[in-house]
Amino acid sequence: PDGRTCVIAKVDRRRLSGKVPSPVYKRSEVDLAANETTVRFADGWGIVLQARNDAVAYRLFLEKDGRRQIRVEDTHIVYPSTETRCWAGANNGSWHGDRYQNSWESVFRPTTLGKLATINQKLYYLPFVTEHKGVFTAFTESDLRDYPGADLVHFDSEPNAVRIWRSQVPAEQQVEDPHVR
């Protein structure tokens, strides 16, 4: 996070178990069984990784109170093939030349990874749903606070992958008031 090499301070592993009732799920309860690994880094942050039978998840965390600025997060999601089917909603324009300023409303259309437009043409929204050999996955996010949500992009150099793409944090911001002379 500070541009230095990450040094692992501690790794904890545990098995989770249990079930909770769910009034808004296709099943009456959610199985919490999972393998969890927590990696703590020397400079006061960490990541929790959970693998369940039906999902995987990760969450970054800080061990110190206060705020921290994360300037770069580079995540690639690699799928087995360019023929992996996907359902993607994409921006179809921008507001005043800023492609991050749009309504995030579009029809999610079926296609394949190999047919996705490249970075200069589209941002794809979450959730991003794929299917390969009968196995469906959905990539999404939750509990966003104090940072922009993720979009996905597709590069010709990685035809069977998508990358998380966030609007950049400006190094400085200048606002001009047309009423001040």
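Scoring rules and cut-offs
- Residues numbered from 1 in each chain as written.
- Predicted model: local features only at pLDDT ≥ 70, side-chain atom pairs only at ≥ 80, totals over all residues.
- Heavy atoms only, no water.
- Pairing = 2+ DSSP bridges.
- Helix = DSSP H or I, 4+ residues; strand = E, 2+ residues; numbered from the N terminus.
- Axes fitted to C-alpha atoms, helices over the stretch in contact; angles between N-to-C directions.
- Core = buried A, V, L, I, M, F, W, Y, C linked by side-chain atoms within 4.5 Å.
- Buried < 20%, exposed > 50% of the residue type's maximum accessible area, 1.4 Å probe, protein only.
- Phe/Tyr/Trp six-rings, centres within 6.5 Å; stacked < 30°, edge-to-face > 60°.
- Salt bridge = Lys/Arg side-chain N within 4 Å of Asp/Glu carboxyl O.
- Contact = heavy atoms within 4.5 Å.
- Polar contact = N/O pair within 3.5 Å; in protein donor to acceptor, adjacent residues only side chain to side chain.

Caption draft 1: Looking closely at the sheet that holds strand E9 (residues 109-112). Strand order in this open sheet of four strands is E9-E8-E10-E11, and the pairing throughout is antiparallel. The strands lining the two open edges of the sheet, one partner per strand, are E9 and strand E11 (135-139). Strand-to-strand, the axes of this sheet are offset by a mean angle of 25°, without reference to chain direction. Direction of pairing for strand E8 (residues 85-88) relative to E9: antiparallel, over a ladder of four bridges. Directly across from Arg85, in E9, lies its bridge partner Thr112.

Caption draft 2: A look at the nonpolar core. Counting residues in hydrophobic clusters, the biggest one holds 16 residues, and the most contacted among them are Leu113, Leu116, Tyr124, Phe128, Phe139, Leu152 and Val162. When contributions to this core are tallied by element, the ones reaching two or more residues are E8 and strand E13 (161-165).

Caption draft 3: Representation of the packing of aromatic side chains in the model. A full pass over the atoms with the stated rule returns three aromatic pairs. Aromatic side chains Phe41 and Trp45 sit 4.3 Å apart centroid to centroid with 15° between the ring planes, which places their arrangement in the stacked category. A residue is classified by how much of its surface remains accessible, and Trp45, at 13% relative accessible area, is buried.

Caption draft 4: Fine view of the pattern of salt bridges. Per the counting criterion, the structure on display carries six salt bridges. Notably, a salt bridge pairs Asp12 with Lys10, separated by 3.9 Å at the nearest N-O pair. Relative accessible area serves as the criterion here: at 46%, Lys10 is assigned to the partly exposed category. Lys19 is the salt-bridge partner of Glu29, the closest N and O atoms lying 3.6 Å from each other. Residue Glu29 is found in strand E3 (residues 29-31), and its partner Lys19 is found in strand E2 (residues 19-21); the two are separated by 10 residues along the sequence. Glu29 sits in the partly exposed class, given a relative accessible area of 37%. The exposed category is assigned to Lys19, whose relative accessible area is 53%. Because the salt bridges share partners, they merge into one network encompassing Lys10, Asp12, Arg40 and Glu63.

Caption draft 5: Geometry of the environment of Glu29. Sequence-wise, Glu29 and Lys19 are 10 residues apart; in three dimensions their C-alpha atoms are separated by 6.4 Å. Ignoring anything within four residues of it in the chain, the contact list for Glu29 reads Lys19, Val20, Pro21 and Ser22.

Caption draft 6: Geometry of the side chain of Glu131. On the secondary structure map, Glu131 appears in strand E10 (residues 128-132). Reaching out from Glu131, the side chain makes a polar contact with the backbone nitrogen of Lys133 at a distance of 3.4 Å. Among all residues touching Glu131, those that are not within four sequence positions of it are Thr84, Arg85, Trp87 and Phe136.

Caption draft 7: Representation of the pairing of E11 in the model. With five bridges joining them, E10 and E11 adopt antiparallel strand pairing. Within E11, the residue paired with Thr130 across the bridge is Thr137. Hairpin remark: E10 followed by E11, antiparallel, with two residues in the connecting loop; positive phi at Lys133, about 55°.

Caption draft 8: The arrangement of the pairing of E8 in detail. Of the two faces of E8, only one is covered, namely that formed by Cys86 and Ala88; the face formed by Arg85 and Trp87 stays uncovered. Sheet topology places E8 next to E10; three bridges connect them, and they run antiparallel. Note that in E10 the partner of Arg85 across the bridge is Glu131.

Caption draft 9: View of the sheet that holds strand E4 (residues 34-41). Spatially, four strands are ordered E1-E4-E5-E6 in an open sheet, and the strand pairing comes out antiparallel. Each edge of the open sheet carries a strand with a single partner, namely strand E1 (8-16) and strand E6 (56-62). Direction aside, the axes of adjacent strands within the sheet are offset by 15° on average. In this sheet, E6 lies alongside strand E5 (residues 45-52) in antiparallel orientation, the contact comprising seven bridges.

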